Amino acid sequence: MPKNTTASRSSATSSSSVTEVGLKEAIQGHPGCVHVPDAEMRRPVQRLRGGRSAQGPLMPHDPALEHLVALDCEMFKTDMGLALGRATVVDHTGHVLCDSFVCPKEGERVVDYCTQYSGITEEDIQKHGRPFHIVQAFVADLLQNKVLVVHDRVGDLRVLGLTHPEEHTRDTATAVQLIRMVRPTGRLSKVGLKSLASTLLGRTIQQGEHCSLVDARVTMAVYRAVHKDWVFGPEHHFSASGGRDHNGGRGHNGGRWRRRREAERAKWNRLIVRFTV
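Notes on the structure in this doc start here. Predicted model, so just to flag it, every value in this text is computed and none were measured. (Residues numbered from 1 in each chain as written. Predicted model: local features only at pLDDT ≥ 70, side-chain atom pairs only at ≥ 80, totals over all residues. Heavy atoms only, no water.)

**Things to note about the overall build of the protein**
- Looking only at helices and strands, the protein has 11 helices and eight strands in total.
- In the protein, which comprises 277 residues, the proportion classed as buried is 49%.
- Across the protein, the fraction of contacts at a sequence separation of at least 24, relative to all contacts at a separation of at least 6, is 70%.
- About 13600 Å² of surface is accessible on the protein, with carbon and sulfur atoms providing 49% of the total. (Helix = DSSP H or I, 4+ residues; strand = E, 2+ residues; numbered from the N terminus. Buried < 20%, exposed > 50% of the residue type's maximum accessible area, 1.4 Å probe, protein only. Contact = heavy atoms within 4.5 Å. Areas by Shrake-Rupley, 256 points an atom, 1.4 Å probe, with all protein chains shown as cover.)

**Details of the packing of helix α9 (residues 193-201) against helix α10 (residues 212-226)**
- Running from amino to carboxyl end, α9 crosses α10 at an angle of 50°, the nearest separation of the two axes being 10 Å. By the angle between their directions, the pair α9 and α10 is classed as oblique. Remark: the crossing between α9 and α10 carries left-handed chirality. Residues L193, L196, A197, L200 and L201 of α9 touch α10, and the partners they reach there are D215, V218, T219, A221, V222, A225 and V226.
- The class makeup of the residues in the contact of α9 with α10 is 10 nonpolar, one polar and one charged. (Axes fitted to C-alpha atoms, helices over the stretch in contact; angles between N-to-C directions. Parallel < 35°, antiparallel > 145°, perpendicular 65-115°, else oblique. Left-handed = near helix turned anticlockwise from the far one by under 90°. Nonpolar A, V, L, I, M, F, W, Y, C, P; charged D, E, K, R; others polar.)

**Looking at the pairing of strand β2 (residues 68-78)**
- The element β2 is extensively covered by neighbouring structure, given that nine of its 11 residues are classed as buried.
- Note that β2 and strand β6 (residues 147-150) share four bridges and pair parallel. Within the sheet, the bridge partner assigned to V69 lies in β6 and is L148.
- Where β2 and strand β3 (residues 81-91) come together, 10 bridges link them in antiparallel fashion. Paired with C73 across the strands is A87, a residue of β3.
- Once β2 ends, the chain turns through two residues before running back antiparallel as β3. (Pairing = 2+ DSSP bridges.)

**So, the nonpolar core**
- Of all hydrophobic cores here, the largest spans 34 residues; its most connected members are L68, L178, L196, L200, V218, V222 and V226.
- Taken together, the elements giving at least two residues each to this core come down to β2, β6, α8 (176-182), α9 and α10.
- Of all the elements, α10 adds the most residues to this core, at 10 residues.
- Every residue in contact with L178, bar those within four places of it in the chain, is listed here: T172, L196, L200, V222, V226 and W230.
- Grouped together as the second largest cluster of nonpolar side chains are 23 residues, M41, L71, V102 and L143 included. (Core = buried A, V, L, I, M, F, W, Y, C linked by side-chain atoms within 4.5 Å.)

**Topic: the side chain of D72**
- As for its position among the elements, D72 is in strand β2.
- Every residue in contact with D72, bar those within four places of it in the chain, is listed here: R86, A87, T88, D156, S212, D215 and A216.

**Section: the packing of aromatic side chains**
- Within the structure shown, the criterion is met by two aromatic pairs.
- For the ring pair F76 and Y113, a centre distance of 5.8 Å and an interplane angle of 75° mean the geometry is edge-to-face. With F76 in strand β2 and Y113 in the loop between β5 (110-112) and α4 (115-118), the pair connects residues that are 37 residues apart, well separated along the chain. This pair shows no difference in class: F76 is buried, exactly as Y113 is.
- Ring centres of Y223 and W230 lie 5.0 Å apart, and the angle between their planes is 65°; on these two criteria the pair is classed as edge-to-face.
- Residue classification places Y223 among the buried residues on the basis of a relative accessible area of 6%.
- Overall, the relative accessible area of 6% leaves W230 in the buried class.
- The lysine or arginine in question, K105, covers the ring of F132, its NZ or CZ lying 4.6 Å from the ring centre. (Phe/Tyr/Trp six-rings, centres within 6.5 Å; stacked < 30°, edge-to-face > 60°. Lys NZ or Arg CZ within 6 Å of the ring centre and 35° of its normal.)

Shown next as structure tokens:
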């Protein structure tokens, strides 16, 4: 269980991070905003659209994993670049802690909702979007003193304007042990969540539009499938600047990783996991 872990906002005008404030302080700093009850922030957006939400925990409760949260974000394009369009945080069982559409920042204009990938529409933002700083502060509070499970942390944390300690972050996109379960040999590169879901969980996701709720739950499920054997340290994570592993690019022993991949998949299939959205 991490101690003294903080999620810090990154400042566009200063290289130093600003001490994180809670949701109440953020709202007080913007008196024109209406307080958003926790229950509203935790409501899956499918309900806002009139769809059916997930019922019950998707993964078994484990007291030893209560310090975990998973994050996933969807983005759209503005005249200033990529921006946060939807943020989702779930606990270690897949229960929703936050799921919210996000309005573009003041002064920014959406030029492409990227609906075919993000699943976000103009109607979603106009009807259900919340101010960026409200969602940012809410997510930051959820990350406090938690271990963050995320797929490709750089992109999601960047659009949120947050940082999180590397020692308390589990990135499923760059972990060598996960990359080698999907690609036992060859040059190292980030592995897609879709490939991990298929290889480790035997599930198909991201058929067309993405859903940050599904992706957050799958990210947590992938980590839970391997967490007992998780290898810590930067040398065990792929870096775009490095590119090759310690075997000259040939990869680790393919047979060993294939056997581990098959064992992890068999172990996970024995758990009762229901993905319903």
